Amino acid sequence: MTDTTSSTKAPTQNLRLTARALLLGDRLDVAGLERSDVLSTTPLAFKAGQEGFVALFRYGVAVLVGLTPLEEDEVIRSLRQRISGEFARHEEETAIIEISPDRDDQIPPGGPIYIKQMSTERLLVIADALSKSATLARDEREATAAFELVEPSVQHLAEQGRRPRDRRRILKQVGHALLVRQRMSGGVAVEEKPDVLWDRPDLERLYARLEDEYELKERAAALHRKLEVLGDTAQALTDIIDTERSLRLELIIVLLIVFEIFITFYQMAVGYLTGH
């Protein structure tokens, strides 16, 4: 259950803030990160800078709202020791949040995210959607790279009717494909709603609009299908290699049996001739 503090006081009308979700690494360890300005525990969120907001997600994402570039760098530096498997390139999802008391919470096509007031709960809902979008972006790129890696072997199999001769390269391709599939299958559950909605069901409409804006469900479903195809392709290539190996072993066994029979007949013939 999300533990949030009371909403922050309302800012001036039509204030605009930049929200950035950065995928820093495979995991982000937030255990023991004690702060006096904690706004939420699930996910861990706290104040930063002058009027900024930071939300940290265990699957490696930090969402920074209303921070200057220097303040963002300071937050990221402070988290570096807590990042497992830090990425050389940080995947990023950016959005503009506009606080407009005269509007309902809404997201017009191509426009900013309008919210009625600056509250911790609203920022948590936005941070959740942005963090999932950033994670999906990296997973989609990894899946595409795995497909491109395996494609030459599949194409050769389709055109020539047999696998390429470089067995070691195929095994590397299969290993990479399986590694990508394993890493993504244990990632963030995009279908799960943020915990804050248990306490604030009135914000479900805002989250639904964010889901639609970033196409979270559609992208997750498409990624799941890609992972299934990737896994089936890797399994098929592995089965072909195993089948060829089994046939090769069977042929060797048959040749050994034939050779043994030949030796036996030869010895029998030599013994017969020697006896006479």
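Residues numbered from 1 in each chain as written. Predicted model: local features only at pLDDT ≥ 70, side-chain atom pairs only at ≥ 80, totals over all residues. Heavy atoms only, no water.

## Brief notes about the overall build of the protein
Here is step 1 of the chain: Of the regular secondary structure elements, the protein holds 6 helices and 7 strands.
Here is step 2 of the chain: Taken from the N to the C terminus, the helices and strands of the protein come in the order β-β-β-β-β-α-β-β-α-α-α-α-α.
Here is step 3 of the chain: The buried share of the protein, taken over its 276 residues, is 40%.
Here is step 4 of the chain: Long-range pairs, those at least 24 residues apart, make up 72% of the contacts in the protein with a sequence separation of at least 6.
Here is step 5 of the chain: With an accessible surface of roughly 16100 Å², the protein has 53% of that area assigned to carbon and sulfur atoms. (Helix = DSSP H or I, 4+ residues; strand = E, 2+ residues; numbered from the N terminus. Buried < 20%, exposed > 50% of the residue type's maximum accessible area, 1.4 Å probe, protein only. Contact = heavy atoms within 4.5 Å. Areas by Shrake-Rupley, 256 points an atom, 1.4 Å probe, with all protein chains shown as cover.)

## Quick look at helix α5 (residues 204–213)
Here is step 1 of the chain: Restricting attention to buried positions, one finds in α5 the residues L206, Y207, L210 and E211. Each buried residue of α5 lies within a common arc of 140° when the element is viewed along its axis, so the set occupies one face. Opposite the buried face of α5, at more than 90 degrees from it, the exposed residues are R205 and D212. (Arc of directions from axis to C-beta.)

## Quick word on the nonpolar core
Here is step 1 of the chain: Counting residues in each nonpolar core, the largest one holds 43 residues, and the members touching the most others are F53, V63, V65, I113, V125 and L210.
Here is step 2 of the chain: For this core, the element with the highest residue contribution is helix α2 (residues 120–160), accounting for 10 residues.
Here is step 3 of the chain: Core analysis: the next-biggest nonpolar cluster, separate from the first, contains 16 residues, L22, A48, V54 and I83 among them. (Core = buried A, V, L, I, M, F, W, Y, C linked by side-chain atoms within 4.5 Å.)

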